[in-house]
Amino acid sequence: MTAAAEGGAGRFAFTPENLKRAEAIVAKYPEGRQRSAVMPLLDLAQRQNGNHLTQDAIEYVADFLGMAKIRALEVATFYTMFNLEPVGTNFIQLCRTTPCWLRGSDAVCQAIQDKLGIGIGETTKDGKFTLVEVECLGACVNAPMVQINDDYYEDVTPENMVALIDALERGEKPAIGPQVERQFSAPASGKTSLQMPVAKILASRPPARGAAPADTPVGEGDD
Ligand code: FES
């Protein structure tokens, strides 16, 4: 850590606990490559700072790593995982990319806006919810989906999305993953393959060319 990252009055600084975490993260990188830790350290700073980064926090991370402030700022402003403004305690990221869109993300988005009385990119007055639209979050098989803070909620519909928000408003922690009767990414309509026991599948296969039929006694048919 450089002297500039030691923090002054009112300046962002890692808590003692996060300082240890930051040092452990930096230690994973080879000597001279510590700047590569900029993303996990920005993430750590964001988590400490109520899920958003201030310029002060970004500069602190730059100083911590001994890198030019502008380099850390470039990273923080490039990746959408970094929030540059305060967000609600429930940060809803709605996927709007094609698979989710084809499966109804527009209707889910509208239901969230109607329920919370906010538009895309806005935060409720009580600071509890922020809604943003994002691109594919890699859970297309369970489209449409939303990410709320660190958790994925999949197979969302306007109805179960409103129920999710109600649960969060009550301070509950809804079950993550599919919001319909579905095991993980298994077909929503139930099993469609591998329904037969393996032994039965093998027995039903036609004999290999040149092989004796299954019911031919051993020795018969051999010349
Ligand atoms: S398109 Fe929505 S998760 Fe991939």
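Refer to the structure printed above.
Residues numbered from 1 in each chain as written. Predicted model: local features only at pLDDT ≥ 70, side-chain atom pairs only at ≥ 80, totals over all residues. Heavy atoms only, no water.

With respect to the overall build of the protein
Formally: Helix and strand assignments come from DSSP, with helices taken as H or I runs of at least 4 residues and strands as E runs of at least 2, each series counted from the N terminus. When a residue's accessible area, from a 1.4 Å probe over protein chains only, is under 20% of the maximum for its type it is buried; when over 50% it is exposed; and in between it is partly exposed. Note on contacts: a residue pair qualifies if any of its non-hydrogen atoms lie within 4.5 Å across the two residues. Accessible surface area values rest on a Shrake-Rupley calculation with a 1.4 Å probe, where residue burial reflects the displayed protein chains alone.
A tally of regular secondary structure across the protein gives 8 helices and 5 strands. Moving toward the C terminus, one meets the helices and strands of the protein in the order α-α-α-α-β-α-α-β-β-β-α-β-α. A burial count over the protein gives 35% of its 223 residues as buried. Across the protein, every contact between residues at least 6 apart in sequence was considered, and the portion connecting residues at least 24 apart equals 62%. Taken as a whole, the protein presents about 13700 Å² of accessible surface, with 55% of it coming from carbon and sulfur.

Topic: the packing of aromatic side chains
Applicable threshold: When the centres of two rings from Phe, Tyr and Trp lie within 6.5 Å, Trp using its six-membered ring, the rings pair. Their planes under 30 degrees apart give stacked, over 60 give edge-to-face, and anything left gives tilted.
One pass over the full model with this rule turns up 6 aromatic pairs. Aromatic side chains Phe12 and Phe14 sit 5.8 Å apart centroid to centroid with 75° between the ring planes, which places their arrangement in the edge-to-face category. Look at Phe14 and Tyr60: their rings are 5.1 Å apart centre to centre, the planes differ by 85°, and that puts the pair in the edge-to-face class. Taken as a pair, Phe14 in the segment before α1 (16–26) and Tyr60 in helix α3 (residues 55–65) lie far apart in primary sequence, 46 residues in all. Considered together, Phe14 and Tyr60 belong to a single accessibility category, that of buried residues. Among the aromatic residues, ring-to-ring pairing joins Phe12, Phe14, Tyr60 and Phe64 into one connected group.

Remarks on the layout of surface pockets
In plain terms, the rule: Buried and open spaces are told apart on a 1 Å grid over the protein atoms alone, a cavity being a set of points where a 1.4 Å probe fits but cannot get out and a pocket being an open set with protein on both sides within 12 Å along at least five of seven lines. Residues with an atom within 4 Å of a point are the lining residues. Grid points are joined across faces, edges and corners, and a volume is the space filled by probe spheres set on the points. Each domain's limits were defined by an automated method or a database of domain assignments.
Here the largest pocket defines a volume of roughly 360 Å³. Taken together, 18 residues line the largest pocket, and the ones lying closest to its centre are Gln46, Asn51, Gln93, Asn149 and Asp150. Of all the secondary structure elements, the ones that give two or more residues to the lining of the largest pocket are α2 (38–48) and β1 (90–95). Shared between two domains, the lining of the largest pocket holds at least three residues of each, these being domain 1 (3–78) and domain 2 (90–178). One number sums up the size of the second largest pocket: a volume of about 280 Å³. In terms of lining residues, the second largest pocket is bounded by 18 residues, among which Asn83, Leu84, Val87, Phe91 and Val132 are the most central. Among the secondary structure elements, those contributing two or more residues to the lining of the second largest pocket are α4 (69–78), β1 and β2 (129–134). With 4 residues, the top contributor of residues to the lining of the second largest pocket is β2.

A look at the pairing of strand β3 (residues 145–148)
Worth spelling out the cut-off: Two strands qualify as a pair provided DSSP detects at least 2 bridges between them.
Covered by surrounding structure in β3 are Met145 and Gln147 together with Val146 and Ile148, the residues of both alternating faces. In terms of strand pairing, β1 meets β3 through 3 bridges, oriented antiparallel. Looking at the pairing, Gln93 lines up with Gln147 of β3. Across 4 bridges, β3 lies against strand β4 (residues 151–154) in antiparallel orientation. Along β4, the bridge assignment pairs Ile148 with Asp151. In this antiparallel pair of consecutive strands, β3 and β4, the connection spans 2 residues, and Asn149 shows a positive phi of 55°.

Overview of the sheet that holds β1
Across the sheet, 5 strands lie side by side as β2-β1-β3-β4-β5; this open sheet has mixed pairing. Each edge of the open sheet is held by one strand with a lone partner, namely β2 and β5 (177–178).

Here we look at the environment of Phe91
With respect to the secondary-structure elements, Phe91 resides in strand β1. Taking the C-alpha atoms as reference points, Phe91 and Asp150, separated by 59 residues in sequence, lie 9.0 Å from one another. Ignoring anything within four residues of it in the chain, the contact list for Phe91 reads Asn51, Asn83, Thr130, Val132, Gln147, Ile148 and Asn149.

Details of the nonpolar core
What counts is decided by this rule: The term nonpolar core refers to a set of buried residues drawn from Ala, Val, Leu, Ile, Met, Phe, Trp, Tyr and Cys, joined through side-chain atoms within 4.5 Å.
Within the largest apolar cluster, 24 residues are counted, with the highest numbers of intra-cluster contacts made by Phe14, Leu41, Leu42, Val61 and Leu65. Considering each element in turn, this core owes the most residues, 7 residues, to α3. Listed in part, the 17 residues of the second largest apolar core include Ile92, Leu94, Leu116 and Leu131.

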